[in-house]
Amino acid sequence: MEKGTLIKEGKAKRLYHTDEDGYVWVEYMDQATALNGKRKDHIVGKGVLNNQIDTMLFKMLMDNGIHTDFVKQLSDNEQLNLTVDIIPLEVVVRNAASGSFQRKFAVPYLQKFDHPVVEYFYKSDELDDPAINTSQALALGVIKPGESERLQELALQINDLLKARFAKAGLELVDFKVEFGKKADGEIILADEISPDSCRLVDLETRDSFDKDVFRKKTGDLVTTYQEVLNRLNDSQEEA
Ligand code: C5P
């Protein structure tokens, strides 16, 4: 398969056409952004790390029955995905308080929830990804009746699988964001990426951050941190 012309450049990935219909060629970039793209840094090595972490996590989810757009890894920083119609919602699952939840409800950092929280944000750079509820998403035509239940069910299944996988690597999954896409036959499948860019992870013992918060808060080196996540996932692969 050949890499075709650029479809679009996002904050951390470039998408290209391929010479076969139904596939998209994804290139993970050496770029990190914060504040919805207002802060942007070139970070050598980030693309390779996120591609490898994402590949490992998507394969694990697929082995456990989750349908995704992942097809195969093409190179250190590239992968092949199925073409889907992305549903313009960021689906966030939280197991403990952090980030915007902590700010909104003024609760202690990492306060654990008995039941996971599911939130939706409307993907719009112009509007700064506002929070949206399911009836608003229906009104805007972003989803159809019945689809929010499916999104929630899938997001919670993914949460259970990721939580268990990260725990084997000595990490607690605080929260994460996923995106879903629709295949031509209407099936909703997991799309986009799962990496330390889109998850909050803390060490089970020390509570140190192992995710993009080190870049957002300028508390550590992003590449060293993501490399440690990859090493821990690799080291715990056997038992996984
Ligand atoms: O900022 P907030 O607390 O709402 O983020 C929740 C989770 O969603 C975090 O893991 C964060 O990394 C992820 N997220 C993301 N992309 C965004 C916003 C949040 O991956 N645009």
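Quick caveat: nothing in here was measured; it's all calculated off a predicted structure.

### A closer look at the overall build of the protein chain
1) Next: Helices and strands together make up the secondary structure of the protein chain, namely six helices and 13 strands.
2) Next: Taken over C-alpha atoms, the radius of gyration comes to 17 Å for the protein chain, in line with the 18 Å a tight globule of 240 residues would show.
3) Next: Each principal axis of the C-alpha distribution contributes one length, and for the protein chain these read about 50 × 40 × 40 Å.
4) Next: Buried positions account for 48% of the 240 residues belonging to the protein chain.

### Concerning the packing of helix α1 (residues 46-63) against helix α4 (residues 147-168)
1) Next: Running from N to C, α1 and α4 cross one another at 120 degrees; their axes reach a closest spacing of 10 Å. With respect to their mutual orientation, α1 and α4 come out oblique. Where α1 crosses over α4, the two elements pack in a sense that is right-handed. Contacts from Met56, Leu57, Met60 and Leu61 in α1 reach Ile158, Leu161, Leu162, Arg165 and Phe166 in α4.
2) Next: A class-by-class count of the residues in the contact of α1 with α4 yields eight nonpolar, no polar and one charged.

### Remarks on the side chain of Asp175
1) Next: Mapped onto the fold, Asp175 is located in strand β11 (residues 171-182).
2) Next: For Asp175, a relative accessible area of 4% translates into the label buried.
3) Next: Of the polar contacts made by the side chain of Asp175, one reaches the side chain of Arg94; its length is 3.5 Å.
4) Next: If we ignore the near neighbours within four places in the chain, the residues touching Asp175 are Val93, Arg94, Ser98, Ser198, Cys199 and Arg200.

### Brief notes about the pairing of strand β6 (residues 70-75)
1) Next: Looking at chain direction, β6 and strand β7 (residues 78-82) are connected through four bridges and run antiparallel. Note on β7: the bridge partner recorded for Gln73 is Gln79.
2) Next: In sequence, β6 turns back onto β7 through a hairpin of two residues.

### Observations concerning the domain arrangement of the protein chain
1) Next: Domain boundaries assigned for the protein chain yield domain 1 (3-82) and domain 2 (85-222 + 229-235).
2) Next: On the domain 2 side, the residues contacting the 29 residues of domain 1 number 29 residues.
3) Next: Roughly 2600 Å² of surface becomes buried between domain 1 and domain 2 when both sides are summed, with 65% attributable to carbon and sulfur atoms.
4) Next: There are five salt bridges connecting domain 1 and domain 2.
5) Next: Two residues, Asp197 and Lys46, come together in a salt bridge whose shortest N-O distance is 2.7 Å.
6) Next: Taken together, the connections running from domain 1 to domain 2 amount to 14 residue pairs in polar contact (both at pLDDT 80 or more).
7) Next: Counting residues per element, the ones that place at least two in the side of domain 1 that touches domain 2 are β4 (31-34), β5 (39-42) and α1.

### Some details on the site of the ligand
1) Next: Looking at the ligand, there are 15 residues lining it, with Arg94, Ser100, Asp175, Arg200 and Arg216 nearest.
2) Next: For the ligand, an oxygen atom lies 2.9 Å from a polar atom in the side chain of Arg216.
3) Next: Here the ligand loses 81% of its free accessible area of 450 Å² to cover by the protein chains.
4) Next: When contributions to the shell around the ligand are tallied by element, the ones reaching two or more residues are β9 (89-96), α2 (99-105), β11 and β13 (199-203).
5) Next: For the shell around the ligand, the per-class residue count stands at three nonpolar, four polar and eight charged.

Reading the values: the criteria
- Residues numbered from 1 in each chain as written.
- Predicted model: local features only at pLDDT ≥ 70, side-chain atom pairs only at ≥ 80, totals over all residues.
- Heavy atoms only, no water.
- Helix = DSSP H or I, 4+ residues; strand = E, 2+ residues; numbered from the N terminus.
- Rg over C-alpha atoms; globule rule 2.2 N^0.38 Å.
- Buried < 20%, exposed > 50% of the residue type's maximum accessible area, 1.4 Å probe, protein only.
- Axes fitted to C-alpha atoms, helices over the stretch in contact; angles between N-to-C directions.
- Parallel < 35°, antiparallel > 145°, perpendicular 65-115°, else oblique.
- Left-handed = near helix turned anticlockwise from the far one by under 90°.
- Contact = heavy atoms within 4.5 Å.
- Nonpolar A, V, L, I, M, F, W, Y, C, P; charged D, E, K, R; others polar.
- Polar contact = N/O pair within 3.5 Å; in protein donor to acceptor, adjacent residues only side chain to side chain.
- Pairing = 2+ DSSP bridges.
- Domains from an automatic or database assignment.
- Buried area = accessible area lost by both parts, 1.4 Å probe.
- Salt bridge = Lys/Arg side-chain N within 4 Å of Asp/Glu carboxyl O.
- Near = heavy atom within 4 Å.
- Areas by Shrake-Rupley, 256 points an atom, 1.4 Å probe, with all protein chains shown as cover.

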